[in-house]
Amino acid sequence: MGRWPGSSLYYEVKVLGFDAKSQLYTVIYKDGTELELKEQDIKSASGFQTRSRSRSRSPGRRRSRSRSPGRTTRRSSSRTAAAVAAAAITDSAPSSRRDTKLKDTVEVTLSPLPQAAENNSNNRHEKKEEKQKEDNNTSNKVNEKPEAKVQTESEKNQGRYNLRRRKDDGDTKPVEAKPEKEAKIAVAPAASTLSTPLDFGGKIGAYFWLLFLPAWVLFLILQVNLVDPSLVNFPPPLPPLEAFWDAQALGFVTLWILFQAVLYVLPVGKVSEGMPLRSGERLKYRTNGFFAIVVSAVAVAVMVHQDVDLTYIHSHFLQLATASFLISVLLSIYLYVRSRYVGQEQLALGGNSGNVIYDFFKGHELNPRIQDFDLKFFCEMRPGLIGWVGNATQNLCFKNIFQQGLDTPSNSMILVNLFQLLYVVDGLWNEEAILTTMDLMHDGFGFMLAFGDLVWVPFTYTIQAYYLVSHPIPLSLPAVIAIVILKIIGFYIFRKSNSEKNAFRRNPSDPKLSYLKTIHTATGKSLLVSGWWGVVRHPNYLGDLIMALAWSLPCGFSHLLPWYYMIFFIILLVHRDSRDMSECRRKYGSAWEEYCRTVRYRIIPHVY
Ligand SMILES: NC(=O)C1=CN([C@@H]2O[C@H](COP(=O)(O)OP(=O)(O)OC[C@H]3O[C@@H](n4cnc5c(N)ncnc54)[C@H](OP(=O)(O)O)[C@@H]3O)[C@@H](O)[C@H]2O)C=CC1
Ligand SMILES: CC(C)CCC[C@@H](C)[C@H]1CC=C2C3=C(CC[C@@]21C)[C@@]1(C)CC[C@H](O)C(C)(C)[C@@H]1CC3
């Protein structure tokens, strides 16, 4: 019996050879997968149980089992095992070697020994950590999932274990995302049972971030108003407590969010499907973000025409930020409370540590919805994002003109505003693409995202423009041209790579993508290994970072403050990349290792 890499399940293998130098055994699983295993990952077949096939064949039975937490635990852990895959790099036409293997594929009967402890609400987290260690350290503990032990012929044919037979395996006919969905059903684990390491410094980290993030926003807002802002000016002079509060500001923020909510629910624009959930369900999203920003721009234009004083935003930045913070906290409390009442299947992996503060921070429920109103999608794409440019940045342009007595805003101000506007408009135009990003697919919705969406984005991403209001930077024409070129390069990489991955995830057999090489994984999903995703593992981050550089450069080098976004963004994306690496390693096992061996750099070719 050989252990699946990254899991604690054992499957029948045949040992093909032993390499004395690397001390690795080459084994072949019954589905034709060849892997190299360490000695401790190979066990004698005696002591492993087998079960009769008929038990888990009934779908009805499976469904009812998964509702029981105990059962879910077992079932899901084995699904994870199924998700761990051997991989082969292939062009869109399947390789002959793999084809030969497929023909020879024999039944896979999985018989892991039941030793894993059941999920227990009291020590759930400790167990998860234990299991994580076990997975990472190649311990020999064996887990069981009765349902995964046996397969019907149809399951096998759907590629539950050897998914190389899947349609996306070279069949260039466009297919609906059904196969992905099937695969997802087959592999996705129950949230509460999987060992996901705690991110962001774990429980202690969550306390820290809860205090630090709002404090940092305050620090930036106070700093940017100083004549000589400096990150070393700490603590900045604090305003009196009453200066934070303005009921009108709270009213405006609430109205703004409601206005965006109304635009979101209007039956205008395309309805797109999200990626398959664990339940196999695909949620529907109204992707009318572009419509929302156009209507918002018209509303702002009308206000300007009606002589509404939009400089209010600049002069009440702190109060508006406080109001948004308050709303984000209330929203996070609501999200946390409701997450306690939803089923296991609706919870995100991670964010379910059992620790209130950590779960509150990280987010527990994957797709909190009030009927069809998706709170996470809405918050991520609408009030904060549109508020970023629609309110703050645009207003800063006005302020720039008035304060500096200019006829038009300065070059640097125009560049920063145009770049950020392009970024936001592009995000809304391609709104559907967000459905295949980490936030929407994997992360729970809690304080981190609620605060990030409603406070961090609209009030800290505007720092450059805000800074330029009182620190005009003259830019020569060559400097403008160079910065614009940089922005275009970054944007091109960002957009192309995001769209490529999104198109591939939506339809892996899209003929337009048939030239791309892929690595097949046992989850049924493939990984792109050429094209943009063959250059580095996160080409979209590379493009995003180049753009961030382009909208920091117009602020010059006199102060560190306007470079805050660049610095924060590097940290955010490096951390995000490592979170994604762990998640993908867990999901795709050896296929992911293969991908990483093939695409060696994470974000910057030959550097990082
Ligand atoms: N301005 C800002 O503040 C921020 C901007 N961003 C931007 O948002 C965009 C989305 O980023 P993010 O959600 O972090 O991550 P990605 O869009 O890169 O999504 C990561 C997921 O893509 C899939 N994937 C990874 N590698 C491959 C591959 N080789 N082939 C196919 N699929 C692959 C995996 O999901 P699976 O396999 O499950 O489909 C993985 O979990 C980026 O452009 C980023 O720069 C992100 C954060 C903040
Ligand atoms: C407060 C924390 C330290 C960090 C919070 C992170 C959030 C601010 C970001 C997480 C992912 C984001 C994305 C965008 C904005 C920032 C947040 C919410 C995005 C909507 C920006 C526009 C892009 O085109 C995008 C690709 C749609 C982005 C998706 C991720």
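Scoring rules and cut-offs
- Residues numbered from 1 in each chain as written.
- Chains lettered and ligands numbered in written order.
- Predicted model: local features only at pLDDT ≥ 70, side-chain atom pairs only at ≥ 80, totals over all residues.
- Heavy atoms only, no water.
- Helix = DSSP H or I, 4+ residues; strand = E, 2+ residues; numbered from the N terminus.
- Buried < 20%, exposed > 50% of the residue type's maximum accessible area, 1.4 Å probe, protein only.
- Contact = heavy atoms within 4.5 Å.
- Areas by Shrake-Rupley, 256 points an atom, 1.4 Å probe, with all protein chains shown as cover.
- Near = heavy atom within 4 Å.
- Nonpolar A, V, L, I, M, F, W, Y, C, P; charged D, E, K, R; others polar.
- UniProt positions renumbered as here; feature names shortened; annotations may be inferred.
- Polar contact = N/O pair within 3.5 Å; in protein donor to acceptor, adjacent residues only side chain to side chain.
- Salt bridge = Lys/Arg side-chain N within 4 Å of Asp/Glu carboxyl O.

Peer 1: Explain the overall build of the protein to me, using residue names and the numbers behind them.
Peer 2: When helices and strands are tallied, the protein shows 24 helices and 12 strands. The proportion of buried residues among the 608 residues of the protein is 56%. The contacts in the protein between residues at least 6 apart in sequence include a share of 77% that link residues at least 24 apart. As presented, the protein carries roughly 25,900 Å² of accessible surface, and 62% of it is formed by carbon and sulfur atoms.

Peer 1: Tell me what's going on with the site of ligand 2, and back it up with residues and numbers.
Peer 2: Around ligand 2 there are 14 residues in total, and E380, G427, D439, D453 and V457 lie nearest to it. For ligand 2, whose free accessible area comes to 630 Å², the fraction covered by protein is 88%. Taken together, the elements giving at least two residues each to the shell around ligand 2 come down to α14 (375–381), α16 (411–429) and α18 (447–460). Per-element tally for the shell around ligand 2: the top contributor is α18, with 4 residues. Of the residues assigned to the shell around ligand 2, the class counts are 8 nonpolar, 2 polar and 4 charged.

Peer 1: So, the UniProt feature "transmembrane region" (unreviewed entry) in the protein: which residues are in play, and what are the values?
Peer 2: In this numbering, the UniProt entry assigns the feature "transmembrane region" (unreviewed entry) to residues 206–227, 247–266, 287–305, 317–337, 445–469, 475–494, 515–536 and 548–574. Across residues 247–266 one finds 95% helix and 0% strand; the C-alpha atoms that close the span lie 29 Å apart. Secondary structure content for residues 515–536 is 18% helix and 27% strand, while the C-alpha to C-alpha distance between its ends is 18 Å.

Peer 1: Tell me about the site of ligand 1, and please be specific about residues and values.
Peer 2: Around ligand 1 lies a shell of 27 residues, among which Y461, R505, Y541, K587 and Y588 are the nearest. Here a nitrogen atom of ligand 1 sits 2.8 Å away from a polar atom, N or O, in the side chain of Y423. In the model, an oxygen atom of ligand 1 is placed 2.5 Å from a nitrogen or oxygen of the Y461 side chain. Isolated, ligand 1 exposes 920 Å² of accessible area, and the fraction of that covered by the protein chains is 93%. When residues of the shell around ligand 1 are traced back to their parent elements, those giving at least two are α17 (438–441), α20 (477–506), β12 (526–528), α22 (539–550) and α23 (564–588). Element by element, the count of residues in the shell around ligand 1 is highest for α23, at 8 residues. Taken together, the residues of the shell around ligand 1 sort by class into 15 nonpolar, 5 polar and 7 charged.

Peer 1: Go over the pattern of salt bridges, please, and point to the residues and values.
Peer 2: Scanning the model with the defined rule gives 15 salt bridges in all. Among the salt bridges present, the one from R506 reaches E432, with a minimum N-O distance of 3.6 Å. With R506 in helix α20 and E432 in the loop between α16 and α17, this residue pair connects regions lying 74 residues apart in the sequence. R506 gets classed as buried once you look at its relative accessible area, which sits at 16%. Linking D439 and R576 is a salt bridge whose minimum nitrogen-to-oxygen distance equals 2.7 Å. You can see D439 sitting in helix α17 and its partner R576 sitting in helix α23, a full 137 residues away along the chain. When its relative accessible area of 16% is taken as the criterion, R576 is described as buried. Residues joined by salt bridges that share partners form a network here, namely K270, E432 and R506.

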